[in-house]
Amino acid sequence: ERDAWQRERHILENALRQAESELAKPTIEIENKPVVETSSLKLHRLYRKYLRAESFRKALVYQKKYLLLLLGGFQDCEQATLSLIARMGIYPSPADLQLSRTRSRPFTKFRCAARAIIAISR
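Conventions and cut-offs
- Residues numbered from 1 in each chain as written.
- Predicted model: local features only at pLDDT ≥ 70, side-chain atom pairs only at ≥ 80, totals over all residues.
- Heavy atoms only, no water.
- Helix = DSSP H or I, 4+ residues; strand = E, 2+ residues; numbered from the N terminus.
- Buried < 20%, exposed > 50% of the residue type's maximum accessible area, 1.4 Å probe, protein only.
- Areas by Shrake-Rupley, 256 points an atom, 1.4 Å probe, with all protein chains shown as cover.
- pLDDT = per-residue confidence, 0-100.
- Salt bridge = Lys/Arg side-chain N within 4 Å of Asp/Glu carboxyl O.
- Patch = residues over 30% accessible without salt bridge, like charges linked within 9 Å, V, L, I, M, F, W, Y side chains within 5 Å.

With an unreviewed UniProt entry as reference, the protein chain is termed Pericentrin, source organism Buceros rhinoceros silvestris.

Visitor: Looking at this structure, I do not really get the overall build of the protein chain. What am I missing?
Guide: Across its full length, the protein chain holds four helices and zero strands. In the protein chain, the succession of helices and strands from N to C terminus is α-α-α-α. Classification of the 122 residues of the protein chain by burial places 2% in the buried group. Roughly 11,900 Å² of accessible area belongs to the protein chain as shown, and the carbon and sulfur atoms make up 63% of that amount.

Visitor: I'm lost on the confidence of the model for the protein chain in this one. Help?
Guide: When pLDDT drops low, the exact placement of atoms in the prediction is not to be read closely. Per-residue confidence for the protein chain gives a mean pLDDT of 76, with 71% of residues at or over 70. Within the protein chain, the element-level pLDDT minimum falls on helix 3 (residues 94-102), averaging 56, and the maximum on helix 1 (residues 2-32), averaging 82.

Visitor: Help me out: how do you make sense of the pattern of salt bridges in this one?
Guide: Two side chains of opposite charge can pair, provided their charged atoms sit close to one another. Under the criterion given, the structure shown has three salt bridges. The partner of Arg9 in a salt bridge is Glu13, and the shortest N-O contact between them spans 3.3 Å. Separated by four residues within a single helix, Arg9 and Glu13 lie in helix 1, roughly one turn from each other. Look at Glu13 and you get partly exposed, because its relative accessible area is 29%.

Visitor: Is there a simple way to explain a nonpolar patch on the surface in this structure?
Guide: Among the surface-exposed residues, Tyr47, Tyr50 and Leu51 lie close enough to one another that they form a single nonpolar patch of about 330 Å² accessible area. The residue Tyr50 is located in helix 2 (residues 35-88) in this model. Accessibility expressed as a relative area gives 48% for Tyr50, which makes it partly exposed.

What follows is the structure in structure tokens.
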């Protein structure tokens, strides 16, 4: 009976070792695959995409600030140009509008008609 028990034990131990070796093969194959490296590569690729997107966003912010400064400069120039044109008498300035109220209505009608004729002839 003891020999039978030891033979059965020996058979079961061999079966256990064989099962453990079969289980170890897939784990070794999984461990040999560069799982960490592929996830690391993906992580680096995503990080590079993030940096590129962040760089584009910062560039757009700087471009917006530059364009706003540029438009502000043009606005100052435009106001200076419009005031110069208004002083030349082409566009009425606020001072000219106040003076026109004091002028008579027929004179204003004549001036409007003369400007319309000049514009049509041009």
